[in-house]
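# Working through the structure, step by step
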Amino acid sequence: MNNEYFPFINLPLAYAYDALEPYIDARTMELHHDRHLKTYVDKLNQVLNECPKLQKISLTQLIRNAGKLPREVREEVRNNAGGVYNHRFYFYNLSAEGRQEPQANLAEAINRCFGSTEIFCGELKNAATSVFGSGYAWLVLERGKLKIMTTPNQNCPLEQGCCPILNVDVWEHAYYLKHYNLRADYFDDWFCVINWRQAEENYLRALNCNI
Ligand code: MN3
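Now for a description of the structure that goes with this document. (Residues numbered from 1 in each chain as written. Predicted model: local features only at pLDDT ≥ 70, side-chain atom pairs only at ≥ 80, totals over all residues. Heavy atoms only, no water.)

This part takes up the coordination of the manganese ion. Listed as protein donors to the manganese ion are H32 (NE2), H87 (NE2), D169 (OD) and H173 (NE2); their distances from the metal cover 2.0 to 2.2 Å. Within one chain, the residues donating to the manganese ion are spaced in sequence as H-x54-H-x81-D-x3-H. Taken together, the positions of H32 in helix α1 (residues 26-49) and H173 in the loop between β3 (163-169) and α6 (176-179) put the pair 141 residues apart, joining distant regions of the chain. Each member of the pair, H32 as well as H173, carries the same accessibility label: buried. (Donors = N, O, S within 2.8 Å, 3.2 Å for Na, K, Ca; no water. Helix = DSSP H or I, 4+ residues; strand = E, 2+ residues; numbered from the N terminus. Buried < 20%, exposed > 50% of the residue type's maximum accessible area, 1.4 Å probe, protein only.)

Printed below as a string of structure tokens:
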């Protein structure tokens with residue numbers, strides 16, 4: 001992921017807004033990327049503009065160390081650095097190439113940890129639909145083991161020492177225009193556009209991170 005340092009820019013999507021149709025609609029993708037994500041980028045730049053000392057810290061290090069930042073900027077950094085990282089991660093892990101299956105090493109790890117892709121999908125769906133209000137469901141690597149977790153708002157598993165492999169944004173802005181209040185239906189559509197090649201890369205990188 002490029003642009004790891006201040007000033008942050010809203011990197012363009014790697015595919016067209018309508019590339020994920022009919023699963024995720026073009027208008028949702030456009031608003032989600034160009035307005036919601038852009039707002040987090042702009043706010044993070046604003047916060048860091050006031051704190052020159054934090055400008056040399058990478059996006060992931062800002063998140064990992066959010067709890068140690070000066071109290072007066074901690075929540076704003078957590079929310080906005082998280083908003084940038086979590087959204088970039090979400091958009092990177094979507095694919096316009098049609099439905100894929102988990103690949104190679106990650107497929108093997110999912111089968112070992114959960115039993116099958118179907119069981120994994122069900123458990124991740126339960127997690128995604130259980131988030132009260134806004135947040136994310138994640139597949140992460142924690143101390144070498146796969147784990148499903150949820151985070152509220154724009155909190156990020158990096159802060160808990162977990163390495164993200166896959167995330168699904170369950171804020172209503174991610175699905176309301178097409179799926180209304182039916183988050184479970186959105187999840188099923190999202191599962192059809194996962195970029196499993198990217199997830200495999202994330203998994204291999206996470207194994208090497210050793211966190
Ligand atoms: Mn979002």
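Turning our eyes to something else, we now look at unusual backbone geometry. Look at the link from F6 to P7: it is a cis peptide, with omega at -5°. Tracing the backbone through its elements, the reader meets P7 in the segment before α1. E21 connects to P22 through a cis peptide bond whose omega is 0°. Among the structural elements, P22 can be located in the segment before α1. Backbone geometry places N3, a non-glycine residue, at a positive phi of 55°. Considering the arrangement of structural elements, one finds N3 in the segment before α1. With relative accessibility at 19%, the residue N3 sits in the buried group.

Below, the discussion takes up the nonpolar core. In this structure, L94, L146 and W190 are the most contacted members of the largest nonpolar core, which totals 66 residues. Top element by residues in this core is helix α3 (residues 71-92). It accounts for 8 residues. Once you skip the residues sitting within four places of it in the chain, L94 turns out to touch Y15, L20, I24, M29, W190, V193 and N195. (Core = buried A, V, L, I, M, F, W, Y, C linked by side-chain atoms within 4.5 Å. Contact = heavy atoms within 4.5 Å.)

As a further point, take helix α4 (residues 104-114). Every buried residue belonging to α4 is among L106, A107, A109, I110 and F114, and all of these are buried. The buried residues of α4 occupy an angular sector of 165° when the element is viewed end-on, so they sit on one face. Away from its buried face by more than 90 degrees, α4 exposes A104 and R112. Where α4 is buried, its residues contact α5 (117-130), β1 (135-142), β2 (145-152), β3 and α8 (196-209). With its phi angle positive at about 110°, G115 sits one or two positions after the end of α4. (Arc of directions from axis to C-beta.)

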